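Reading the structure
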Amino acid sequence: MAPLLEGITHILTPIPFLLVGLGTFLGIIGGAIPGITGAMMIALTLPLTFNMIPGNALALLIGMYVGAISGGLITATLMRMPGTPAAVMTTFDGYPMARGGQPGRALGFGIAASFIGGIISWIFLVLVSEPLSDLATRFGPFEYFTLVVMAMVLIASVSQGSMVKGLLSGALGMLVAMPGVDPAAGGFPRLTWDVLYLNGGLGLLPVLIGVFAVSQLIADIVDIDRTIERTKFSTKGILMSFKDWKNQAWNMLRSSVIGTWIGILPGIGANIGSIVAYTTAKNMSKTPEKFGTGSEEGIVASEAANNATIGGALIPLIAMGIPGSVIDAILIGALMIHAIQPGPTLFLNNPEIVYAMISACLLANIMMYGIMTSSVGKIAQLMFTPRAYVLPPILVFCVIGSFALNNLFFDVWVMLGFGVFGYFLERSKVPLGPFVIGFVLAPIAESKLRSGLMMTDGDFSPVVTRPLPLIFVIISVVLLFWPFYQDWRNRKREGK
Amino acid sequence: MNPTIAKRDIGLMLFIIAVCVAVLIESWDLPPGTFEPLGSGPVPQAIAFLIIGLCLIILARAAIALARHTVPEKTAEELEAEAADVASGFQSRPWSATAVLVMSGLYIVVLYLGVLGFGVVSTVFLLITILFLLGRPPLRAFAAWVTSFDRAHLPAAMPVLIAFGISVVMGFGCEFVFTKIFYVDLPTG
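What you are looking at is a predicted structure, and each value in this text was computed from that prediction instead of being measured.

A few points about the overall build of chain A
Scanning chain A for helices and strands turns up 20 helices and 2 strands. For chain A, whose C-alpha radius of gyration is 22 Å, the value lies close to the compact-globule estimate of 23 Å for 496 residues. Overall, chain A is about 70 × 60 × 55 Å in size when its C-alpha atoms are taken along their principal axes. Counting only contacts in chain A whose residues sit at least 6 apart along the sequence, the fraction spanning at least 24 positions is 79%.

Spelled out as structure tokens, the structure:
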């Protein structure tokens, strides 16, 4: 408890406090502007943190994470356009309620649910991360390798759309992580095609910015003439009444726990969390017919869950170095850029960083509630900024962001190349989330496998003879074949 | 599967397979491990084979979809979105995206050559790109305003002035902030 209090005290000092506030504010604005995602904003902000101390850098990024996931509800409610993918479910009920003359009330439900979701998941973050980290420190290389494999299969199997394309995306990310000097082979370069710049591998930032920012910019330019439906806005009802709090308490709690649990599962982000919570709320509601027509329960379920995934997703990141979502993969990159080794030893080696992250998460949720309830009207105006003014400056930031780490124009070309590649992947409905998570996890998986084989003199059998690796392998196999089994069962039923 | 997506899939998968073949060729001669039995080659090779296998599955599905001319039923949301696009006269602008990418390439080349500083090059790039994305009407109004000094043209010409303001502030502002505050070594020309 004492380290947590120390962390909270630190985060309340002027500079970290201001950085969390700035991050949350910018995140809300980014989340509220369609076409700017949380992942894009955090990837572009990362270069600005190079000269900050790591705790402050992560405080800024976590503030932005909370802000971006929350800000998406503004456009989802007022424009039926989710500012971030996590707010898709909010459009189903937020927009009809806003259209029905209660935009303030619709936003009020979303903001309050986001706040409660964030706080409940934060409590889980505090309670679960350290014990889980303790457990993970006992993992050997085979345990770690099979855990990463399980995470990859999980990410692919829950990717929206085709599972084969999810797996393909993850594998492509892993392949992109392969070029460069191989430390386990005595520094011998591989897959460099004699290009000197590839000896250090493809940089995390250029690849991230390309895949998440540039590909999105290309898509935004293609759709730049799409008109936006507006609803009239008023802040009436922005603060929920006591009766509303009472009516929604159980829904908020249930959806927050669902969101936290989904967040803990490696690689699954806020959008899946909100879909599961929304479906559960609908199935358990006394008035399921109201869902999709402006149901208060629908807004609350979606928003409580998507914000709860933030704290949930930070748990595997802090405890094991496994990203709980795409944004967490970028946060792992942020830790590595600041020379901090993510993984189970993070609690032992850098407790001050861990508690700064945990405290920033709490403060960001509180600030998000304050900023959203007090300024949502002004923030909502930003949604209508013509995208022609917004997109080119972001492109300039992409160039600076990819250039800044090594001062190399090669990285800028890599960024542009992966932007185009990411755009074509998305057009073919290949999800980008598994790509980035595969890119981050592949070096960990490979190094653990090879160090394990070094210990066993080339013997693979511990993968199936040791209890934890065996459990992870069984879960991976079940996850891999479950969708095919379900498909086969459905066809059989239809045949009857 | 939608035939359009099937055709896109085929092109993309063939490209990915070509990359994987290049990876396999490049990794084939990598030496075996010195300190451990696996070495540098097997992991990228295994991933490349996995990707080729997955691409072949997607290719087979796309080919079947094209042969059968299967078009999937659209969801209510997709139909609604399509109807809204038709009603508003929306047309996508893929060539605009291509043009912006080409402009970005030129921007990077000019920065690389170091002929001019980051602030100047970025300001010009931003101005050209924003005006290009805004389309012709604001430019015509601006030209009319400049030639006639008629205040009636000013509101329609305002986007050009805003574009100019954004370009100057972002171009020179970024140069100042990133070189003086964040110590990023941007090309100064």
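Topic: the interface of chain A and chain B
Contacts between the two partners involve 52 residues from chain A and, on the opposite side, 56 residues from chain B. For the side of chain A that touches chain B, the elements supplying multiple residues, two or more each, are α8 (163-176), β2 (188-190), α9 (204-222), α16 (387-404), α17 (409-427) and α18 (433-456) of chain A. At 10 residues, α16(A) tops the list of elements feeding residues into the side of chain A that touches chain B. Of the residues that constitute the side of chain A that touches chain B, the class distribution is 36 nonpolar, 6 polar and 10 charged.

Quick word on the domain arrangement of chain B
The domain architecture assigned to chain B consists of domain 1 (3-88) and domain 2 (94-181). Here the C-alpha centroids of domain 1 of chain B and domain 2 of chain B sit 38 Å apart.

Overview of the environment of B:P187
Residue and element names in this part refer to chain B. Relative to the helices and strands, P187 is located in the segment after α7 (154-181). In sequence terms P187 and L127 are 60 residues apart; their C-alpha atoms lie 19 Å from each other. Those residues in contact with P187 that sit more than four places away from it in its chain are L111, G114, G117 and F118.

Some remarks on the packing of helix α5 (residues 118-134) of chain B against α7(B)
All names here are of chain B. The interhelical angle for the contact between α5 and α7, taken along N-to-C directions, is 150°, at an axis separation of 8 Å. Classed by the angle they form, the pair α5 and α7 counts as roughly antiparallel. For α5 against α7, the interelement crossing comes out right-handed. On the side of α5, the interface is formed by F118, G119, S122, T123, L126, L127, I130, L131 and L134, while α7 contributes P159, V160, A163, F164, I166, S167, V168, M170, G171, F172, C174 and E175. For the contact of α5 with α7, the class distribution of residues is 15 nonpolar, 5 polar and 1 charged.

What to know about the nonpolar core
Among the nonpolar cores identified, the biggest contains 218 residues, and A:A43, A:V148, A:M357, A:A360, A:C361 and B:I51 are the most heavily contacted of them. Top element by residues in this core is helix α15 (residues 351-381) of chain A. It accounts for 18 residues. When neighbours within four sequence positions are excluded, A:C361 is seen to be in contact with A:I62, A:V66, A:W122, A:L125, A:I310, A:G311 and A:L314.

Things to note about the confidence of the model for chain B
Residues and elements named next belong to chain B. Across chain B, the average pLDDT comes to 86, with 93% of residues at or above 70. The spread of mean pLDDT over the elements of chain B runs between helix α3 (residues 76-88), the lowest at 70, and α5, the highest at 95. For this predicted complex, the interface score ipTM comes out at 0.89, alongside a pTM of 0.83.

Observations regarding α16(A)
Turn by turn, an α-helix covers 3.6 residues, leaving residues three or four places apart pointing in a common direction. When the terminal C-alpha atoms of α16(A) are compared, their 25 Å separation across 18 residues agrees well with the 26 Å that a helix rising 1.5 Å per residue should span. When you tally the buried positions in α16(A), you get 16 out of 18 residues, the bulk of the element.

The rules behind each value
- Residues numbered from 1 in each chain as written.
- Chains lettered and ligands numbered in written order.
- Predicted model: local features only at pLDDT ≥ 70, side-chain atom pairs only at ≥ 80, totals over all residues.
- Helix = DSSP H or I, 4+ residues; strand = E, 2+ residues; numbered from the N terminus.
- Rg over C-alpha atoms; globule rule 2.2 N^0.38 Å.
- Contact = placed C-beta atoms within 7 Å.
- Nonpolar A, V, L, I, M, F, W, Y, C, P; charged D, E, K, R; others polar.
- Domains from an automatic or database assignment.
- Axes fitted to C-alpha atoms, helices over the stretch in contact; angles between N-to-C directions.
- Parallel < 35°, antiparallel > 145°, perpendicular 65-115°, else oblique.
- Left-handed = near helix turned anticlockwise from the far one by under 90°.
- Core = buried A, V, L, I, M, F, W, Y, C linked by C-beta atoms within 7 Å.
- Buried ≥ 20, exposed ≤ 12 C-beta atoms within 10 Å, placed from the backbone.
- pLDDT = per-residue confidence, 0-100.
- Expected span 1.5 Å × (residues − 1).

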